[in-house]
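# Examining the three-dimensional arrangement
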Amino acid sequence: MSPQPPPLPPHDADEPIFLEESFGEEGERIDGEKGHIFPCEGCGSDLIFDIHTQKLKCQHCGFEKVIGIDPDKEIEEQDFYGMLAHLQELRDQQLDVEDEEEQEVRCESCGATLRFVGTLTSSECPYCASPIQLDKVHTSEKRVPVDAVLPFQVDEDRSRLNLKAWVKSLWFAPNDFVEKGAEGQFHGVYLPYFTFDSLTSTYYSGQRGEYYYVTVGTGKNRRRERRTRWYPASGNFQRFFDDVVILASWGLPRPLIRALEPFPMHLLVPFKHAYLAGFTARTYDVELEDGFVLGKQRMDDALYSEVCSRIGGDTQRVDTVQSQYDAITYKHLLLPLWLMSYKYKGKLYQVAVNAATGEVNGERPYSWIKITLACLAAALGIGGGAYLFNQ
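The structure displayed is predicted, hence computed values, not measured ones. Position numbers for residues count from 1 along each chain, tracking the sequence in the order it is written. For this predicted model, a pLDDT threshold of at least 70 governs which residues receive local features, and a threshold of 80 or more governs which side-chain atom pairs are given and counted, while totals over whole chains, interfaces and linings are taken from all residues. Where side-chain values are given, they derive from all heavy atoms of the structure, hydrogens and water being excluded.

## Some details on the sheet that holds strand β4 (residues 55-58)
Ordered by their spatial adjacency, three strands build an open sheet running β3-β4-β5, and the pairing between neighbours is antiparallel. Only two strands of the sheet have a single partner each, and these edge strands are β3 (47-50) and β5 (64-65). Relative to β5, β4 is paired through two bridges, and the arrangement is antiparallel. Along β5, the bridge assignment pairs Lys57 with Glu64. The criterion for strand pairing is that DSSP finds at least two bridges linking the strands in question. Going along the chain from the N terminus, every DSSP run of H or I of four or more residues is numbered as a helix, and every run of E of two or more is numbered as a strand.

The structure is reproduced here in structure tokens:
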């Protein structure tokens, strides 16, 4: 009989379990502390993060281990300019040499060597499938440390069901694709994100346009035309931005991934390696300063929309928008996604699932026959165009 874990102490089912001895990092460091693994305390096999129980679990003997949560540890906003100064100091001292193109960790289970290339930080041994992580990348003082992780909430089975529903909802999709669906292997991955907060002060000037109509022409040429009266408009306002989310990786199609937002930030927990056990994880390759440039673009777009709203009227001309960004803070997060690549008629497509909400988005094929029939129906005013879409 496989050894069983000791019983947990009695507790209120509605309250989280806090084990004082578990507040430290779970698992063991290996290969000169370059790697991090999670051996089962029951049978010596590997523990991985179990989505349903939100614990570490052995797939061999069923042993479960609570991931210790320190109730006094908070996820705090970090000083943006303070971190930039720290990173610059490291560069001046030439202490940022740990960003090697390739790092190797020896697997404790089978002795093979696992290579971590580029931004990869958590994977599994290609020979024995043991989960292994780089130990210090996410907490290194020579990089921007990870502040929090959002553990996987949605499992692979539910993701596949949501993917099927998404495929069936697509307009102008080929019939055989809708029938067969997107088939491929899902990969659970934690991707790096930065979130930014800022208090903005904006001054704007422009013109408010109000429509009015006049009658022109005579006889058969008599008609109404729309005209616009313009009035000057200007003002200033403050707006606070909270958790503007920016993907800190260049390797994925950003519009595709952005469409999966928002993430349930209330489920964030302070970073621990244990949440990554059994999943792929990557570190950032968008530097913090560049991340804020991307975040500022999103804030600028929101401020421009607010300026138009404040100018009011039926239409607007915006002459000047000047914004100042103060009290800038950030958080470095790891957020969960299920990623899949699939082929349809020889072409490769990508889909992604928000592993915290189940939201699906991705690339898809189109039926040009359906699109052509729809255009003909619209041009000729044929009723029952919706019937043609599904032929």
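That shown, we press on.
## Concerning a negative patch on the surface
Patch membership requires more than 30% relative accessible area and the absence of a salt bridge. Residues of like charge join within 9 Å; the nonpolar side chains Val, Leu, Ile, Met, Phe, Trp and Tyr join within 5 Å. Working definition of accessibility: Shrake-Rupley area with a 1.4 Å probe, residue cover restricted to the visible protein chains. For this document, the term salt bridge refers to a Lys or Arg side-chain nitrogen within 4 Å of an Asp or Glu carboxyl oxygen. Note on charges: Lys and Arg go in the positive column, Asp and Glu in the negative column, and His and the chain ends are not counted at all. Lysine's charge is taken at NZ, arginine's at CZ, aspartate's at CG and glutamate's at CD. Taken together, the side chains of Asp285, Glu287, Glu289 and Asp290 make up a negatively charged region of the molecular surface. The class for Asp285 is partly exposed, based on a relative accessible area of 32%. Throughout, exposure labels follow a simple rule: accessible area from a 1.4 Å probe, protein chains only, divided by the maximum for the residue type, with under 20% read as buried, over 50% as exposed, and the rest as partly exposed.

## Thoughts on the environment of Lys272
Here Lys272 is to be found in the loop between β14 (269-270) and β15 (280-282). With 246 residues separating them in the primary sequence, Lys272 and Glu26 have C-alpha atoms 8.0 Å apart. In protein, a polar contact requires one atom able to donate a hydrogen and another able to accept it; more generally it is a pair of N or O atoms within 3.5 Å, and residues adjacent in sequence count only if both atoms are side-chain atoms. In terms of polar contacts, Lys272 uses its side chain to reach the backbone carbonyl oxygen of Gly68, at 2.7 Å.

## What to know about the confidence of the model for the protein
Per-residue pLDDT for the protein has a mean of 83; in total, 77% of the residues score no lower than 70. For every residue, the predictor reports its confidence as pLDDT, a number between 0 and 100. When the elements of the protein are averaged for pLDDT, helix α7 (residues 385-389) gives the smallest value, 47, and helix α5 (residues 288-311) the largest, 97. Contacts were defined at the residue level, with two residues in contact if any of their heavy atoms lie within 4.5 Å. A low-confidence stretch, residues 1-23 (pLDDT under 50), is modelled with 26 contacts involving residues beyond four sequence positions or located in other chains. Every residue in residues 96-100 scores below 50 in pLDDT, and together they form seven contacts with partners more than four places removed in sequence or on other chains.

## Examining the packing of aromatic side chains
Between rings of Phe, Tyr and Trp, where Trp is taken as its six-membered ring, a pair exists when centres lie within 6.5 Å; planes separated by under 30 degrees are stacked, by over 60 edge-to-face, and by other angles tilted. Summed over the entire model, instances satisfying the criterion amount to 21 aromatic pairs. Ring geometry for Phe80 versus Tyr81: centroids 5.1 Å apart, planes at 70°, classification edge-to-face. According to the relative accessible area criterion, Tyr81 is exposed, its value standing at 52%. Taken together, a centroid distance of 6.1 Å and an interplanar angle of 85° make the contact between Phe80 and Phe196 edge-to-face. Of this pair, Phe80 sits in helix α1 (residues 80-92) while Phe196 is found in strand β12 (residues 187-216), placing the two residues 116 residues apart along the sequence. Following the ring pairs from residue to residue traces out a cluster consisting of Phe80, Tyr81, Phe194, Phe196, Tyr284, Phe292 and Tyr325. To sit over a ring, a charge needs its Lys NZ or Arg CZ within 6 Å of the ring centre and within 35 degrees of the ring normal. In this structure, Arg143 is placed above the aromatic ring of Tyr284, and the distance from its NZ or CZ to the ring centre is 4.0 Å.

## Observations regarding the nonpolar core
Of all hydrophobic cores here, the largest spans 40 residues; its most connected members are Leu163 and Tyr190. The element best represented in this core is strand β16 (residues 315-344), accounting for five residues. When residues are assigned to domains, this core turns out to be shared by domain 1 (29-66) and domain 2 (105-198 + 238-310 + 316-372), each giving three or more. Leu163 has contacts with Ala182, Phe186, Met340, Val351 and Val360, leaving out every residue within four places of it along the chain. The definition of a nonpolar core used throughout is a set of buried Ala, Val, Leu, Ile, Met, Phe, Trp, Tyr and Cys residues joined through side-chain atoms within 4.5 Å. Formed by 26 residues, the second largest nonpolar core is a distinct cluster that contains Met83, Ile246, Phe292 and Leu303. Each domain's limits were defined by an automated method or a database of domain assignments.

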